[in-house]
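Coordinate inspection notes
If you want the building blocks of each chain, they are given just below.
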Amino acid sequence: MVKKTVKERDAPASSVESPPLPIPQGYRQGIVTAITVLLGFSLAFFRFWGFEASGDWTVGSIIAAGTFVLAVVMQIVALFRSLRIEDDNQKEYRKTVKWFIASAIVLLIGLLIAVAIYSGVQPDPK
């Protein structure tokens, strides 16, 4: 017979925590690769947008640059989370994936703003 501790014996059956589930083999390497590829693209595009693109800085281009900076910061947070030991837990891994997806959405919004301004589709007030 297995002896239960006082805490286990007094706790309801549903409140006993199960051990954390590990993520499947290869998931961690995959998310790190995906984050670094998107981060590399983000930095390269931001370099182009900030230093090499023709034209003057306007309110719209500053908003686009701000969304790029926010996306890069979110990608760095996701990369930091993915390299932690705790990220082998499925709950933590899911949070990291959410950070990564959110950063990709912010990057896409910034790209759409940049394309609209750069192509002249959306006239930018000066």
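Residues numbered from 1 in each chain as written. Predicted model: local features only at pLDDT ≥ 70, side-chain atom pairs only at ≥ 80, totals over all residues. Heavy atoms only, no water.

Considering the packing of helix α2 (residues 27-52) against helix α4 (residues 90-119)
As a reminder, the rule being used: Throughout, an axis means a line fitted to C-alpha atoms (over the contacting stretch in the case of helices), and angles, computed between N-to-C directions, take values from 0 to 180 degrees. Elements are defined by DSSP. Helices are runs of H or I of four residues or more, strands are runs of E of two residues or more, and each kind is numbered from the N terminus. Geometric relationships in this document are graded by angle, where less than 35 degrees denotes roughly parallel, more than 145 denotes roughly antiparallel, 65 to 115 denotes roughly perpendicular, and other angles denote oblique. Working rule for handedness: look at the near helix, and if it is turned counterclockwise from the far one by less than a right angle, call the crossing left-handed; if clockwise, right-handed. Contacts: residue pairs with any heavy atoms within 4.5 Å of one another. For this classification, Asp, Glu, Lys and Arg are treated as charged, while Ala, Val, Leu, Ile, Met, Phe, Trp, Tyr, Cys and Pro are nonpolar and the rest, including Gly, are polar.
Running from N to C, α2 and α4 point in directions that differ by 25 degrees, and their axes come no closer than 11 Å. Regarding the angle of α2 to α4, the classification is roughly parallel. Where α2 crosses over α4, the handedness of that crossing is left-handed. The residues of α4 that touch α2, namely those facing Y27, I31, A34, I35, L38, F41, S42, F45, F48 and W49, are Y93, V97, F100, S103, A104, L107, L111, A114 and Y118. Along the lines of polarity and charge, the residues of the contact of α2 with α4 split into 17 nonpolar, two polar and no charged.

Description of the side chain of T67
Stated formally: Partly exposed describes any residue whose relative accessible area lies between the buried limit of under 20% and the exposed limit of over 50%, with all areas from a 1.4 Å probe on protein chains only and scaled to the type maximum.
Residue position: T67 is located in helix α3 (residues 59-82). Judged by relative accessible area, T67 falls into the buried class, the value being 15%.

Remarks on the confidence of the model for the chain
Counted only if it meets this: For every residue, the predictor states its confidence as a pLDDT score lying anywhere from 0 to 100.
Overall, the predicted model of the chain reaches an average pLDDT of 84, with 83% of residues at or above 70. Of all helices and strands in the chain, the one with the weakest mean pLDDT is helix α1 (residues 6-10) (57), whereas α3 scores best (94).

Focus on the environment of M74
Structurally, the position occupied by M74 is in helix α3. You can call M74 buried: its relative accessible area is 12%. Placed 33 residues apart in sequence, M74 and L107 show a C-alpha to C-alpha distance of 9.7 Å. Setting aside its immediate chain neighbours within four residues, M74 contacts W99, A102, S103 and V106.

Notes on the packing of α3 against α4
Between α3 and α4, the shortest axis-to-axis distance is 8 Å and the interhelical angle comes to 160 degrees. Here α3 lies roughly antiparallel to α4, going by the angle between them. α4 is crossed by α3, and the crossing has left-handed handedness. Looking at the contact of α3 with α4, its residues break down into 17 nonpolar, eight polar and three charged.

Observations concerning a nonpolar patch on the surface
This is how it is decided: Residues enter a patch when their relative accessible area is above 30% and they make no salt bridge; the linking distance is 9 Å between like charges and 5 Å between nonpolar side chains (Val, Leu, Ile, Met, Phe, Trp, Tyr). With residues, only the protein chains shown are counted as cover, and all accessible areas are computed by Shrake-Rupley using a 1.4 Å probe. We define a salt bridge as a contact between a side-chain nitrogen of Lys or Arg and a carboxyl oxygen of Asp or Glu at a distance within 4 Å.
A cluster of nonpolar side chains, contributed by I101, I105 and I109, occupies part of the molecular surface with about 270 Å² of accessible area. Of note, I105 is situated in helix α4.

So, the pattern of salt bridges
Pairing is possible between side chains that carry opposite charge, provided their charged atoms lie close to one another. Here the structure, examined in full by the defined rule, presents five salt bridges. Here K95 makes a salt bridge to E92, at a shortest N to O gap of 3.4 Å. In this pair, K95 and E92 are both assigned in helix α4, three residues apart and thus about one turn of the helix distant. Salt bridges sharing common partners tie together R81, R84, E92 and K95.

Brief notes about α2
Under the convention used in this document: The length a helix should cover is 1.5 Å for every residue beyond the first.
Taking 1.5 Å of rise per residue, 26 residues should cover 38 Å, and α2 covers 37 Å from first to last C-alpha, within 8% of that figure. Among the residues of α2, those classed as buried are R28, I31, V32, I35, L38, L39, S42, F45 and W49. Elements in contact with the buried residues of α2: α3 and α4.

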